[in-house]
Amino acid sequence: MSDAVAPYTPPADGPPPSFIVELSAFSGPLDLLLALIREEQVDIYDIPIARIAQQFVARIRTLGLNEAAEYLEMAARLLRIKAQLLLPRNEEEQWDDPRAELVRRLLEYQQMREIVDVLEKRGEERRNQFSRAWLPSQPVPPQAPLALSLSELLASVDRILRVTRQPGVHDVVARALDVPGAITIIRAVLELRERLRLTDLLNNGSEPWQVLSTVLGLLEMAKLGELRVNQPKPFADVEISRDTASEAA
Amino acid sequence: MTPLAKLLEAALFASARPVPTEELRGLDPESSPAAIQAALEELREHYDVDGHGVELIEIGGGWQILTRAEYTEAIERAQLASRPHRLSAAALESLAIIAYRQPIGRLEVEEIRGVNVGSVLKSLHERGLIDVVGRAEGLGRPLLYGTTPLFLEHFGLRHLEELPRADELAVALRVQSPAVVAEQAPMDEPVAAVAASSGNG
Amino acid sequence: MTPLAKLLEAALFASARPVPTEELRGLDPESSPAAIQAALEELREHYDVDGHGVELIEIGGGWQILTRAEYTEAIERAQLASRPHRLSAAALESLAIIAYRQPIGRLEVEEIRGVNVGSVLKSLHERGLIDVVGRAEGLGRPLLYGTTPLFLEHFGLRHLEELPRADELAVALRVQSPAVVAEQAPMDEPVAAVAASSGNG
């Protein structure tokens, strides 16, 4: 980033301006992450998470993207991976690289960008040709005949049967919680931003154990006086803020 | 054709309205009005002499390319013939539920499909495939729907009893709402079996 | 030109959208598909060899007459037509995912892009580039999206297969798509597997 970019000052209060992400050169956190990986010239299969996470956090601060939940969620994810990498490993146990999922997503995203390039090129060629624009008004043709078949109707019956017979039953797999890890992440995110929402720390893909770890971590930190947790009304987004009063003390 | 005639053809084709001669001049500032006029004549003649399905005509001070009248009928016929209307998956599902469960109210259909079906029922009604056959008792006396003779005609059925698999669907639809079943089901038992057994009870 | 080529020209001129091949056949039921094809070739060649401002191309599952690219600038300068806006990066990314993974639900698009796509999908739907093509099974029966013929037209594609195959791209696609199509899912598939794969795939 050049020096020309003024340091971003978050607004004193009120919702963050929603156009920030639109104006940004990046179309999402994965885009930014890929750009960093390219800039740093690191191997995508062996990402130095500590370095990249630090760069990512620094960059979203510079760009003022830390008001966008998606970037913040990615920052939290990177810090979570970093924390998991620091955990002591048992040599005999099978170890899953915590970066694997991120690498898969980055590759998938990279491939999608290649398709975008193809689409952009083809779209640009097509944009340079006009179709017939002026069409004299014609009488409205009568309603087209209906195409219906019994097999289609029966296929619908099958679909309905399937749905009514298959209520959503999930297998529940117990998973150990990682409250200290969650606390590390929350601290790092709070470092970045004074107030945030619970949804900034979690995303659709968060697993139950991650949600529970985060919630327990929040409660623990609230007890320690590191932050305040507030829910304005039932089912509203949970708001988290740094407890500046106790910090000063 | 001369380059100017080709440019005029492209411009008239792309324009959303008939184009007056003065505006055509904006296409090529170096061409004189006489040159534009000559190119228009060239294009018109090309369409007429060479034998095209379209023609260039001047109307109300503007120029436009139109399809020749002799082809209009064939074009309309082809459009109609090639676009039979298909029912959406949503409409078919609602129609199937009404066929097997009639008379049935809107809310019941929505409960089974899990989505709002107001507009779907409206379009099925407009198509003449379902009709209001009565009103339920109770609050608001909601309308009840059933299929029409046109429905039978469409599927080549003499009467509703000819619809296959009525028993199967009737059983499935009598099952309690999925949420309740889920709570009762033992975790390791296949779901389909649960639904079937509770249906028979 | 032959009478059939003239008829096809008229029909193609009368439509702002590509005309599907079946509709072209409906223009003259007595002509064989081969004859229609030959007449299309004749028309295309006529436009190319004879030198016209327009050309005939195969696109979006049909045939369409379009102006030649070399005249675009002049037409735009004369304000007789204007090019459509480019799609945003967000819209293009979402479209690319939907084109390759259709039918696909909103959550899966969001998972790949890493951002919320609700408003993007809404605008793509309003522009007619994507449509709802079904519903997934499982909780809430989320809507599944697919691309439309207008998508092909917008990107000058004859059909979806014209896009590079996944294995031709530098990075290999994820092996299995988690989206389960209502129509394709086998009857006895346990729903738990569906819910699990779409939840955190």
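Here, residues in each chain are numbered from 1, in the same order as that chain's written sequence. Chains and ligands are labelled sequentially in the order written, the chains with letters from A and the ligands with numbers from 1. Confidence filtering applies because this is a predicted model: local features only for residues at pLDDT of at least 70, side-chain atom pairs given and counted only at 80 or more, and all residues used for totals across whole chains, interfaces and linings. Heavy atoms from the whole structure form the basis of all side-chain values; hydrogens and water molecules are not counted.

(A) Representation of the confidence of the model for chain B within the structure. Residues and elements named next belong to chain B. Taken residue by residue, chain B gives an average pLDDT of 80. The fraction at 70 or more is 79%. Residue-level confidence of the predictor is summarised by pLDDT, bounded by 0 at the bottom and 100 at the top. We count a stretch as a helix when DSSP gives it H or I for four or more residues in a row; a strand needs E for two or more, and each element gets its number in order from the N terminus. In the model of chain B, helix α10 (residues 178-184) stands out as the element of lowest mean pLDDT, 34, in contrast to helix α1 (residues 3-14), which has the highest, 96. Contacts between residues were defined by any pair of non-hydrogen atoms, one from each residue, lying within 4.5 Å. Here residues 175-201 is modelled with pLDDT under 50, and outside its nearest four sequence neighbours on either side it reaches 24 contacts, counting other chains as well. Scored by ipTM, the complex comes to 0.68, with pTM at 0.66.

(B) Examining the packing of aromatic side chains more closely. Aromatic rings from Phe, Tyr and Trp, with only the six-membered ring used for Trp, were paired whenever their centres fell within 6.5 Å, and each pair was classed as stacked if the ring planes differed by under 30 degrees, edge-to-face if by over 60, and tilted otherwise. Here the structure, examined in full by the defined rule, presents 3 aromatic pairs over all chains. Plain terms: the ring middles of B:F13 and C:F13 are 5.2 Å apart, the flat faces sit at 85 degrees to each other, and that makes the pair edge-to-face. With B:F13 in helix α1 and C:F13 in helix α1 (residues 3-13), the pair connects residues from two separate chains. Burial classification: accessible surface area is computed with a 1.4 Å probe over protein chains only, and a residue below 20% of its type maximum counts as buried, one above 50% as exposed, and the rest as partly exposed. Judged by relative accessible area, which is 1%, B:F13 ranks as buried.

(C) Expanded view of helix α2 (residues 29-40) of chain A. In this analysis, the expected span of each helix is defined as 1.5 Å times one less than the number of residues it contains. Taking 1.5 Å of rise per residue, the 12 residues of α2(A) would be expected to cover 16 Å, and the 16 Å separating its terminal C-alpha atoms lies within 8% of that figure. Of all 12 residues in α2(A), 9 are buried, a share of seventy percent or more. Every buried residue of α2(A) is accounted for by A:P29, A:L30, A:D31, A:L32, A:L33, A:L34, A:A35, A:L36 and A:I37. Packed against the buried residues of α2(A) are α3 (49-63), α4 (69-86) and α5 (100-127) of chain A together with α6 (106-113) of chain C. One or two steps after α2(A), the chain reaches A:Q41, where phi turns positive at roughly 50 degrees.

(D) Summary view of the sheet that holds strand β6 (residues 130-135) of chain B. Residues and elements named next belong to chain B. The pairing criterion for strands is at least two bridges between them, as found by DSSP. Taking strand neighbours across the sheet as the criterion, the 3 strands line up as β5-β7-β6 in an open arrangement whose pairing is antiparallel. In this open sheet, the two edge strands, each paired with only one partner strand, are β5 (104-105) and β6. Looking at chain direction, β6 and strand β7 (residues 143-147) are connected through 5 bridges and run antiparallel. Across the sheet, residue V132 finds its bridge partner in β7, namely Y145.

(E) Representation of the nonpolar core. By size, the foremost hydrophobic cluster in this structure holds 77 residues, and its most contacted members are A:F56, A:L106 and C:F151. For C:F151, the contacting residues outside a window of four places in its chain are A:L119, C:L95, C:A99, C:L129, C:L157 and C:L160. B:A14, B:V54, B:W63 and B:Y71 belong to the second largest nonpolar core, which has 53 residues in total. Nonpolar cores were defined as sets of buried Ala, Val, Leu, Ile, Met, Phe, Trp, Tyr and Cys residues, with membership established by side-chain atoms within 4.5 Å.

(F) Structural detail: the packing of α2(A) against α5(A). All names here are of chain A. Between α2 and α5, the shortest axis-to-axis distance is 10 Å and the interhelical angle comes to 95 degrees. Taken together, the axis directions place α2 and α5 in an arrangement best described as roughly perpendicular. For the pair α2 and α5, contact is made by L30, D31, L33, L34, I37 and R38 and by L102, R105, L106, Y109, Q110 and R113, respectively. Residues are sorted three ways: Asp, Glu, Lys and Arg are charged, Ala, Val, Leu, Ile, Met, Phe, Trp, Tyr, Cys and Pro are nonpolar, and all the rest, Gly among them, are polar. Looking at the contact of α2 with α5 residue by residue, the class counts come to 7 nonpolar, 1 polar and 4 charged. In this analysis an axis means a line fitted to C-alpha atoms, helices contributing only their contacting stretch, and an angle means the value between N-to-C directions, from 0 to 180 degrees. An angle below 35 degrees is treated as roughly parallel, one above 145 as roughly antiparallel, one from 65 to 115 as roughly perpendicular, and anything else as oblique.

(G) How the structure looks around the pattern of salt bridges. Just to be clear on terms, a salt bridge is a Lys or Arg side-chain nitrogen sitting within 4 Å of an Asp or Glu carboxyl oxygen. Applying the stated criterion to the full structure yields 36 salt bridges over all chains. Where B:R106 meets B:E110, a salt bridge forms, and the shortest distance between an N and an O atom there is 2.8 Å. Here B:R106 and its partner B:E110 are both found in helix α6 (residues 106-113), 4 residues apart, which amounts to about one turn of the helix. With a shortest N-O distance of 3.3 Å, B:E126 and B:K122 are connected by a salt bridge. Remark: B:K122 and B:E126 occur in helix α7 (residues 118-126); sequence separation between them is 4 residues, near one turn of the helix. A single burial state applies to B:E126 and to B:K122, both of which are exposed. Through salt bridges with shared partners, a single network forms among A:E101, A:R104, A:E108, C:R101, C:E108 and C:E111.

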